[in-house]
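Each chain, written out:
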Amino acid sequence: MRTDLATNIRAELIKQRKRPAHWLLLAVAVFLTLTFAYLIPYLGLADTPAGVTNGRGVAAMLPPAFVGNVIAGTPLFLGALAMIFGVLVAGSEYNWESWKTVLAQGPSRFTVLAAKIAVLTLGTLVSIMTLLATGAAAAALVGVLKDQPPHWPSVSTVLLGAGGGWLIITMWAMLGVVLAVAFRGVALPIGLGLVWLLAVQNLLAVVAAPLLDWVADLQLGLPGPNAGSLVAALGAPRGTPGVDALAAAPQATLVIAAYLIGFTLLGAWLFRRRDII
């Protein structure tokens, strides 16, 4: 008997929730965000006469700016962690050689992959909400330590930041799914994804774009620069690696959404067409 999508989602949720690697990725994301957005800038204030570290003063760490601080990492390091999450969700079945067992229970390939994508989307939502909550707590603590009144951003600002951050990391996670299905594993997809996110994107922006006009124009259609443009529009501090207002926020949002849809469709097509072993 063929199992329905809801049953597969519940089963996938139970399976992925019990994987320590996912919780470790979330812990690393929280640690990196708090360290580089709050701890290091705060400690650096004492070492500068003007109380400013790399353009980041006390105001950049207070509650009004917490949304931008949290989502500033999504074009690079938070995106890299999300990509790893996507690879693990979709690619571990190849390493475990469990696809035959899963599909022999009755569900179609589409149903199984749709359940994985649903759980992945929920996982990225939990991640961005956790990061926003911890960022807000860190900002409140800085406000108390610096004796600043607690002025918080509007609800709309928080929701826009959460939506933008969720869109970006879900896109990167779906890139991980595509790589996992394309290469039928975990190690190589993670390696290739990290090379693109942490190396190629920076080389294009820092080395190639200033020298070649066509590369500069090409960046307007790539996911990383558009992610950086979107978070810049949503309040991410300029000067953060990967954050640069190369495109307007509406264009950046459309490009990222297009990549998310494209990665989803490509992953589904590859999973349907390719052998599972």
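Above this text you will find the structure in question.
Residues numbered from 1 in each chain as written. Predicted model: local features only at pLDDT ≥ 70, side-chain atom pairs only at ≥ 80, totals over all residues. Heavy atoms only, no water.

**Student:** Would you mind going over the packing of helix H2 (residues 20–45) against helix H6 (residues 109–145) in detail, with residue names and values included?
**Tutor:** Running from N to C, H2 and H6 point in directions that differ by 25°, and their axes come no closer than 10 Å. With respect to H6, the element H2 is oriented roughly parallel. The interaxial crossing formed by H2 with H6 has right-handed handedness. Of H6, the residues touching H2 (which contributes Leu26, Ala29, Val30, Thr33, Leu34, Tyr38 and Tyr42) are Ser127, Thr130, Leu131, Thr134, Gly135, Ala138, Ala139, Val142 and Leu145. Its residues assigned to classes, the contact of H2 with H6 shows eleven nonpolar, five polar and no charged. (Axes fitted to C-alpha atoms, helices over the stretch in contact; angles between N-to-C directions. Helix = DSSP H or I, 4+ residues; strand = E, 2+ residues; numbered from the N terminus. Parallel < 35°, antiparallel > 145°, perpendicular 65-115°, else oblique. Left-handed = near helix turned anticlockwise from the far one by under 90°. Contact = heavy atoms within 4.5 Å. Nonpolar A, V, L, I, M, F, W, Y, C, P; charged D, E, K, R; others polar.)

**Student:** Could you give an account of helix H10 (residues 223–233), naming the residues involved and the relevant values?
**Tutor:** Burial analysis of H10 places ten of its eleven residues in the buried class, which makes it a mostly covered element. Taken residue by residue, H10 has Pro223, Gly224, Pro225, Asn226, Ala227, Gly228, Ser229, Leu230, Val231 and Ala232 as its buried positions. On its buried face, H10 is in contact with helix H3 (66–71), helix H7 (155–183), helix H8 (187–208), helix H9 (213–219) and helix H11 (249–273). Looking one or two places after H10, you find Gly235, whose phi comes out positive at around 110°. (Buried < 20%, exposed > 50% of the residue type's maximum accessible area, 1.4 Å probe, protein only.)

**Student:** Give a detailed account of a nonpolar patch on the surface, specifying residues and quantitative values.
**Tutor:** Taken together, the side chains of Leu203, Val206, Val207, Leu211, Leu212, Trp214 and Leu218 define a hydrophobic patch exposed on the protein surface, amounting to about 740 Å² of accessible area. For the nonpolar patch, the elements supplying multiple residues, two or more each, are H8 and H9. The element best represented in the nonpolar patch is H8, accounting for three residues. In this structure, Val207 sits in helix H8. According to the relative accessible area criterion, Val207 is partly exposed, its value standing at 45%. (Patch = residues over 30% accessible without salt bridge, like charges linked within 9 Å, V, L, I, M, F, W, Y side chains within 5 Å. Areas by Shrake-Rupley, 256 points an atom, 1.4 Å probe, with all protein chains shown as cover. Salt bridge = Lys/Arg side-chain N within 4 Å of Asp/Glu carboxyl O.)

**Student:** Describe the packing of aromatic side chains, with residues and values.
**Tutor:** Enumeration over the complete set of coordinates arrives at four aromatic pairs. With a centroid separation of 5.7 Å and 80° between ring planes, the pair formed by Phe66 and Trp152 is classed as edge-to-face. Taken together, the residues span a long stretch of sequence, with Phe66 in helix H3 and Trp152 in the loop between H6 and H7 at a distance of 86 residues. Exposure remark for Phe66: the relative accessible area of 5% places this residue in the buried category. Taken together, a centroid distance of 5.7 Å and an interplanar angle of 45° make the contact between Tyr259 and Phe263 tilted. Of this pair, Tyr259 and Phe263 both sit in helix H11, four residues apart, roughly one helical turn. Of the residues examined, Tyr259 reaches a relative accessible area of 24% and is grouped as partly exposed. Ring pairs connect the aromatic residues Tyr94, Trp99 and Phe271, which therefore count as one cluster. (Phe/Tyr/Trp six-rings, centres within 6.5 Å; stacked < 30°, edge-to-face > 60°.)

**Student:** Summarise the environment of Gly221; cite the residues concerned and give the values.
**Tutor:** As for its placement among the helices and strands, Gly221 is situated in the loop between H9 and H10. As a C-alpha pair, Gly221 and Tyr259 span 38 residues in sequence and 9.8 Å in three-dimensional space.

These results come straight from atomic positions and should not be treated as a statement about function.
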